[in-house]
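Chain by chain, the residues run as shown.
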Amino acid sequence: MMDNIYSVFVDATQRVFSLMLNISEISDHPIKSFRCDDEIDIAIDIVGDLNGKVIYRFPVSTSLNMVNIMSGMQFQAVDVFVTSAISEIANIISGNVLTVLEESNIKCDISPPVLYKPDEDREENREYELQTSCCIGTTIGEIYLDIRLNRPS
Amino acid sequence: MLWKDRYELGVPRIDRQHKELFRRVGAFLQVLRSEVCWNEKVIRLHEMLEFMKRYVVEHFRDEEEYQKSINYPRYEIHRKIHADMVKYVSEVSKQFEQSDNNEELMQQFGGRLLAWLINHVAAEDQLIADYARKKGMSGNDG
């Protein structure tokens, strides 16, 4: 399970996209890093049998498409409403991950989602035992996951 | 906010309430996001919020009664999810009044409510339907 943490996050993302947005086809591939100015970054801390964080990077166009599908309305720009809806989706994906981990007797908890600013992250260069990034492609745009976890020593 | 047939549980009373909840939250979001100036929206938003607070409690109570009636094994987990949401809505409502109708607070609430409700009905509530179907108890509450 620990070696498979990448798949757990990808599968959870796929489930949430399928149930909430009716998008069932997604693709994924590992990436080394991702950074652009045009995105909403959401960080969720994980504590328990695993410690660290996952950072969800939603490009603006993907974010707006997601909120448009959910609301049936047309959002043209990112604002506090859009950021809040996207944060809740990151929270829901993380909750799905916790459920799967618990089935393998790995017990963790998550903190509420927060806007992540890489430049303000004092632990940006910290090394993690389990560190992986992936790009998930969907019909409404890509999203990026940056998973950074340690097992308790 | 669009209702989809795949959200139906097969329990008529609960399905009616879910549809009404989608309709009410959809109307709330329409007002929240309309071009009308903030001060003009505030009275309607307060009214809608008050209605939702009452309706959500009533719906959660009915849904929990149904879960108990079929001995739903995730009842306690589901009840806590409901209780947490009721608490959140109540706290936001109080903060909204205390903050003299802060717009950012209400926009933040709207975004979270949108995603939460869709996930709750499309994912968590479907587990009740899956269980009822497996036990051959679907759609028996009138």
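Structure shown above.
**Some details on the pattern of salt bridges**
Then step 1. Scanning the entire structure with this criterion turns up 18 salt bridges over all chains.
Then step 2. Residue Asp-146 of chain A is joined to Arg-148 of chain A by a salt bridge in which the shortest nitrogen-to-oxygen separation is 3.0 Å.
Then step 3. Glu-91 of chain B is paired through a salt bridge with Lys-87 of chain B; the nearest N and O atoms lie 4.0 Å apart. Pair noted here: Glu-91 of chain B and Lys-87 of chain B are both in helix H3 (residues 75-98), with a separation of 4 residues, about one helical turn.
Then step 4. Relative accessible area serves as the criterion here: at 51%, Lys-87 of chain B is assigned to the exposed category.
Then step 5. One connected set of salt bridges, linked through shared partners, spans Glu-39, Asp-41, Arg-57, Asp-146 and Arg-148 of chain A.

**Section: the state of the cysteines**
All names here are of chain A.
Then step 1. One pass over the full model with this rule turns up 0 disulfides over all chains.
Then step 2. Looking at the unpaired Cys-135, the closest cysteine sulfur is the one in Cys-134, lying at 7.7 Å.
Then step 3. Cys-135 sits in the buried class, given a relative accessible area of 3%.

About the criteria used
Throughout this description, residue numbers start from 1 for each chain and increase along the sequence as written. Chain letters and ligand numbers both follow the written order, the letters beginning at A and the numbers at 1. With the structure being a predicted model, the display of local features is reserved for residues of pLDDT at least 70 and the display and counting of side-chain atom pairs for 80 or more, all residues being used for whole-chain, interface and lining totals. Only heavy atoms go into the side-chain values, all of them from the structure, while hydrogens and water stay out. The working definition used for a salt bridge is a side-chain nitrogen of Lys or Arg within 4 Å of a carboxyl oxygen of Asp or Glu. A run of H or I in DSSP becomes a helix once it reaches four residues, and a run of E becomes a strand once it reaches two; helices and strands are each numbered from the N terminus. Buried residues are those whose accessible area, probed at 1.4 Å on protein chains only, stays under 20% of the maximum for their type, while exposed residues exceed 50% and partly exposed ones sit between those limits. Two cysteine sulfur atoms make up a disulfide if the distance between them is within 2.5 Å.

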